[in-house]
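# Overview (structure and organization)
Below, each chain spelled out in residue letters.
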Amino acid sequence: MNEERWNRLAVLFSDALERPENEWSAYLGAHCTDEDVRDEVLSMLAAHAGAGALRLERRLISDESESASGGLPPDARLGPYRIVALVGRGGMGEVYRAERADGAYEQTVAIKLLRPDAGTAELIRRFRSERSLLARLSHPNIASILDGGTAPDGRPYVVLRFVDGEPITTYARQLRVDDRLRLFVKVARAVQFAHTRLIVHRDLKPSNILVTAEGEPVLLDFGIAKLLDASSGDVEHTRPGHLLLTLSHAAPEQLRGEPATTSTDVYGLGALLYELLTTERLFVDVASAPGALQRAILESPVPLPSARAANADERRALRGDLDRIVQMALRKEPERRYQSAGSLADDIERHLDGHPVIARPDRWMYRATKFARRHRLGVATAVLLLVAIGAISGREIRQGQRIAAERDRALGAQAAAEDALVFMTRLFQQSDPRVVPGGDTLRVGEFLRLAEQQAGGFAEQPEQQQRVYRMLADVRFSRGDYALAESLVTLARDVGVRKFGADHAEVLKSETLLGGVRRQRFGMAAARPVYESVLERLPRVVGRDHPDVASAYVNLASSVHEPELVGALLDSAVAIRARIGRSDSVEIAGALDQQARERGVRGRFSEAVALDEASLRILEARFPKDHPSRLTVMGNLAIWLSGMGRWDRALPIAEEVLAAARRQTTPGEGLALAYERVALIQANTPEQRSQAEASLRETIRIFRATVASEHDLITNSMRNLAIVVASQGRASAGLALLDSAIGRSREYGREENTAYMTGQRVPMLLRLGRVSEAVRSAETANEFRSRLPRGSTRGADISLWMGMAAMADGRAADAAREWSGADEGFSSWLPPQHPKLAMTRCALGAALARTGRDAEAQALLASGCPGFVSWGLADPSVAGWGRREAERLGVQFAGETSR
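These lines cover the structure that appears in this document, whether it is placed above or below. (Residues numbered from 1 in each chain as written. Predicted model: local features only at pLDDT ≥ 70, side-chain atom pairs only at ≥ 80, totals over all residues. Heavy atoms only, no water.)

### Let's talk about the nonpolar core
We count it as follows: We call a set of buried Ala, Val, Leu, Ile, Met, Phe, Trp, Tyr and Cys residues a nonpolar core when their side-chain atoms join them within 4.5 Å. Each residue is placed in one exposure class: buried if its accessible area under a 1.4 Å probe, protein chains only, is under 20% of its type's maximum, exposed if it is over 50%, and partly exposed if it falls in between. Note on conventions: DSSP H or I runs of at least 4 residues are helices, E runs of at least 2 residues are strands, and numbering of each starts at the N terminus. Contacts were defined at the residue level, with two residues in contact if any of their heavy atoms lie within 4.5 Å.
Within the largest apolar cluster, 122 residues are counted, with the highest numbers of intra-cluster contacts made by Met804, Trp819 and Phe868. No other element matches helix α36 (residues 835-850), which puts 10 residues into this core. Once residues within four sequence positions are removed from consideration, Trp819 is found in contact with Ser799, Leu800, Gly803, Met804, Met807, Thr840, Ala843, Leu844, Ala847 and Trp881. Counting 56 residues, the second largest nonpolar core, distinct from the first, contains Ile142, Ala309, Leu318 and Tyr338.

Right, dumping it as structure tokens:
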């Protein structure tokens, strides 16, 4: 096709698109006398409006050029990868299955390469945009980017995780309805993750979601995704009206040429859910007529999924909740859909759990029915009817009582605030030298003591008194005076309980502060029962969907160790904030940080980093550098980066937080944590390792001065100091420090922590040649493994120590088994390049070599041993085993540790 002919086609095509579909033929008849050109434009228009992918660039590729282009041949090389086969071809790229061919390690990948016949500047920009977007996404249900580069002919390519699976709708046909819903929830959660990275997909359809043999859905093809963050300068934004979508799954606003938002993906998820539940596409009856399909999407009501179900059982399963959920996701107006993909997933899970869904009106009969279904065995029909009748008659009365109580509470709060203001005014008068001689020399500590003495004057006004006590406790708490703070807030709570009872809003506020004080003073275990008690009672006082209830979930999450429970609590907090429509950017940043912590405690560090980076971008636009909210998120971000082995990025962030903490006038727990965070990063970095010991000793000094003597923070810092000291070649000193920490942990009844730290003795004992004692220590830790909570990362550590003890004891086969388990465990949460994972593989290679499995051992020794020997916490025993076996097998060993 020559340039002149294409220009004619392009102009006619563009002009025709400005007119209604029923005028296309008449327009072309009046403006084009060449029948061949007219037919070509009509075919382009039909393709543009058709049920397939509406990519105008497909029309740029003639049948001849497509058939002539056979793609890259097998065994062709792109960087370190060898092409195996062409597995797919799209509007802008070819997808190949490839294998790593440079000998570094074995890996099968998918390579997406810009097609040779699609090399327009627009497509190159769009392809590079996809590469940039994918680099920001790391999620188990999203095909993540592994690498990228440029082919010898100048075409860009991206290397992705290879997904061997089938389209989600094909896979789901064999599943029951509930299992299809659980599969869908994983997809929605992945889309929500992309949204937290400010990315919408815009083309959610079954062919872009493959399900692996393990039943895990993986979201593909961010080729037409749009970056929501308009401040980013490295991603090309698609122009409004430039349709890049699939009509059968397009949202109404896309057809109207409006900007895509997260609501666009909610609609796409709704269309996908419809197809999963019915096995038919939305508006399938008009899909053969593109114009009619567009009108149906824009104007026609969404048909009920239950009306399209395959059989009577499925119709019953879909009728009601699922019909309403699908219709809410597919509403024409974006603002009337679910607020987010996460909210849609939450509603599906509520349905699966038998709870009321937000897509249905909140009527008493509906809730009563859901309750009865959840408790069929315990609720007789007659009792249910009586309860329902009682609910009808009492509802208005209770509503009136609640309104009256809220009014009285508001009036009481106003009066209490006025009295507290008078109290503070009188106090400040004590610093006026015209009223009290020398008052201008009154220091803050003296001022607080004076306030605490005078607070007793509110004995006849208990509500005001408890507020004043709590206010003073909060000030003491912020200054690190934890003992005084606990005494004052306990007074506040006791005053409130005597006057108003335990279930009172002000009492619960005091108990919430008490939980915070105890957590700082004694540790998580001391705060947990307080937070659990508050969360149990608070919904009865303020209602379930209240910001204070969301905060109560977050508080409890901060005081528990179990990763799954942390995740459930934080998910509940986020769901409440979504339901009450919290849109303040600081609230959003807080929710992102909560989600990051949930991912972090599970070892999903890359996801935690992505979430906290998004949180930090919001906070940086709102707060100055030293604001506590910013510093908290920065500190968390440094922790997750350190977990990934990105100490080069983590250290400057941690040092910035430490510098800000040192500028505070009152040293406290925050300063100690900042020192410890820096120290642990320094310990992993060879050139910084010598500074870590001093930072940890300062950490312990501050903790001893600020928290209770039995606090776990002191014990854990002593343990960290022991590891750092031993890593510097002083194994005896390190072991003595570690045994002191273990003794403290045992004394204060921390059984699980005691067992885990006993396992940490193994590397130190082996350096001292005390093999039999190392074996006993490893077995002690192993007895504790069965009690680890699900999702804990400690199991892999215990396998590592068990393997080290077995290897030193001459049991290479046992060591290989343990290290194989450790490798599997570490691989699930550490990035491939992490030195700890490399050390484990080097150790496994050495054990396999000793059992005669030389071929397997060589690959592990070559890939693992060089990757950890310069690590700040590299173990010399493992390095020695690896070096000896590598030399025997002729494998190059890049170094060795002298410690």
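### Considerations on the sheet that holds strand β2 (residues 81-89)
Two pairing modes exist for strands in a sheet, parallel and antiparallel, and in both the strands are linked by backbone hydrogen bonds. Short version of the rule: We call two strands paired when DSSP finds no fewer than two bridges between them.
The strand order across the open sheet built from 6 strands is β1-β2-β3-β4-β6-β5, with neighbouring strands paired in antiparallel fashion. Each of the sheet's edge strands pairs with one partner strand only, and the pair in question is β1 (77-78) and β5 (145-150). Here β1 pairs with β2 via 2 bridges, running antiparallel. Bridge pairing in β2 links Leu78 to Tyr81.

### Observations concerning helix α25 (residues 628-643)
Every α-helix carries 3.6 residues per turn, so stepping three or four residues along brings you back to the same face. We apply this condition: Expected span of a helix: the number of residues minus one, times 1.5 Å.
Here α25 spans 23 Å end to end across 16 residues, near enough to the 22 Å set by a 1.5 Å rise per residue. Within two residues after α25, Gly645 carries a phi angle of roughly 85°, on the positive side.

### Some words on the environment of Leu673
Residue placement: Leu673 occurs in helix α27 (residues 669-684). Looking at Leu673, the relative accessible area reads 30%, which means it is partly exposed. Sequence separation between Leu673 and Ile700 is 27 residues, and the spatial gap between their C-alpha atoms is 9.6 Å.

### Points about the packing of aromatic side chains
To keep things clear, this is the line we draw: Here is the rule: rings of Phe, Tyr and Trp (six-membered ring for Trp) pair when centre to centre is within 6.5 Å. Planes less than 30 degrees apart are stacked, more than 60 are edge-to-face, and the remainder are tilted. Sitting over a ring, as applied to charges here, requires NZ of Lys or CZ of Arg to be within 6 Å of the ring centre and within 35 degrees of the ring normal.
As enumerated under the stated definition, the model contains 3 aromatic pairs in all. With a centroid separation of 6.5 Å and 25° between ring planes, the pair formed by Phe605 and Trp640 is classed as stacked. Pair noted here: Phe605 is in helix α24 (residues 605-620) and Trp640 is in helix α25, with a separation of 35 residues, a long-range link. By the burial criterion, Phe605 is buried, and Trp640 matches it. Pairing Tyr756 with Trp801 gives two aromatic rings, centres 5.2 Å apart and planes at 55°, and the pair type is tilted. Taken together, the positions of Tyr756 in helix α31 (residues 751-759) and Trp801 in helix α34 (residues 794-808) put the pair 45 residues apart, joining distant regions of the chain. Residue Trp801 is classed as buried on the basis of its relative accessible area of 7%. Lying across the ring of Tyr756, Arg794 places its NZ or CZ 3.9 Å from the centre.

### Brief notes about the packing of helix α12 (residues 321-329) against helix α13 (residues 341-352)
Selection criterion: Think of each axis as a best-fit line through the C-alpha atoms, taken over the contacting stretch in the case of a helix, with angles from 0 to 180 degrees between the N-to-C directions. Note on angle classes: values under 35 degrees are labelled roughly parallel, values over 145 roughly antiparallel, values of 65 to 115 roughly perpendicular, and the remainder oblique. Three categories are distinguished: nonpolar for Ala, Val, Leu, Ile, Met, Phe, Trp, Tyr, Cys and Pro, charged for Asp, Glu, Lys and Arg, and polar for the others, with Gly belonging to the last.
Relative orientation of the contacting elements α12 and α13 amounts to 175°, with a least axis distance of 11 Å. Between α12 and α13, the crossing angle belongs to the class labelled roughly antiparallel. The residues of α13 that touch α12, namely those facing Asp321, Leu322, Ile325 and Ala329, are Leu344, Asp347, Ile348 and His351. Looking at the contact of α12 with α13 residue by residue, the class counts come to 5 nonpolar, 1 polar and 2 charged.

### Details of the side chain of Ser642
What counts here: Pairing of N or O atoms within 3.5 Å defines a polar contact, subject to two protein rules: one partner must be a possible hydrogen donor and the other a possible acceptor, and residues neighboring in sequence count only if both atoms are side-chain atoms.
Following the sequence through the fold, Ser642 ends up in helix α25. Taking the relative accessible area as the measure of exposure, Ser642 reaches 15% and is therefore buried. Within the structure, Ser642 has its side chain in polar contact with the side chain of Trp647 (distance 3.0 Å). Setting aside its immediate chain neighbours within four residues, Ser642 contacts Trp647, Ala650, Ile681 and His834.

### Quick notes on the state of the cysteines
By definition, a disulfide is the covalent link that joins the sulfur atoms of two cysteine residues. Spelled out, the test is: Two cysteine sulfurs form a disulfide in these notes if their separation is within 2.5 Å.
Inspection of the entire model under this criterion finds 1 disulfide. Shown here is the disulfide that connects Cys842 with Cys865, its sulfur atoms set 2.0 Å apart. Taking the torsion about the S-S bond as the criterion, the Cys842 to Cys865 disulfide, at about 85°, is right-handed. With Cys842 in helix α36 and Cys865 in the loop between α37 (854-864) and α38 (876-889), this residue pair connects regions lying 23 residues apart in the sequence. When sorted by exposure, Cys842 lands in the same class as Cys865, which is buried.

### Concerning the sheet that holds strand β10 (residues 217-219)
Here 3 strands make up an open sheet; going across it, the order is β7-β9-β10 and the pairing antiparallel. Two strands close off the open sheet at either side, each with one partner strand: β7 (165-167) and β10. Neighbour to neighbour, the strand axes of the sheet diverge by 35° on average, direction disregarded. Sheet topology places strand β9 (residues 209-212) next to β10; 3 bridges connect them, and they run antiparallel. Within β10, the residue paired with Leu210 across the bridge is Val218. Of the strands in this sheet, β9 and β10 are in contact with helix α7 (residues 177-196), which crosses β10 at around 30°.

### Overview of the pattern of salt bridges
As a reminder of what qualifies: The term salt bridge refers to a pairing of a side-chain nitrogen on Lys or Arg with a carboxyl oxygen on Asp or Glu at a separation within 4 Å.
Under the counting rule described, the total for this entry stands at 46 salt bridges. The partner of Arg630 in a salt bridge is Glu620, and the shortest N-O contact between them spans 4.0 Å. With Arg630 in helix α25 and Glu620 in helix α24, this residue pair connects regions lying 10 residues apart in the sequence. Accessibility expressed as a relative area gives 8% for Arg630, which makes it buried. Taking the relative accessible area as the measure of exposure, Glu620 reaches 42% and is therefore partly exposed. Linking Arg853 and Glu856 is a salt bridge whose minimum nitrogen-to-oxygen distance equals 3.0 Å. One continuous salt-bridge network, built from bridges that share partners, spans Asp503, Glu511, Arg537 and Arg540.

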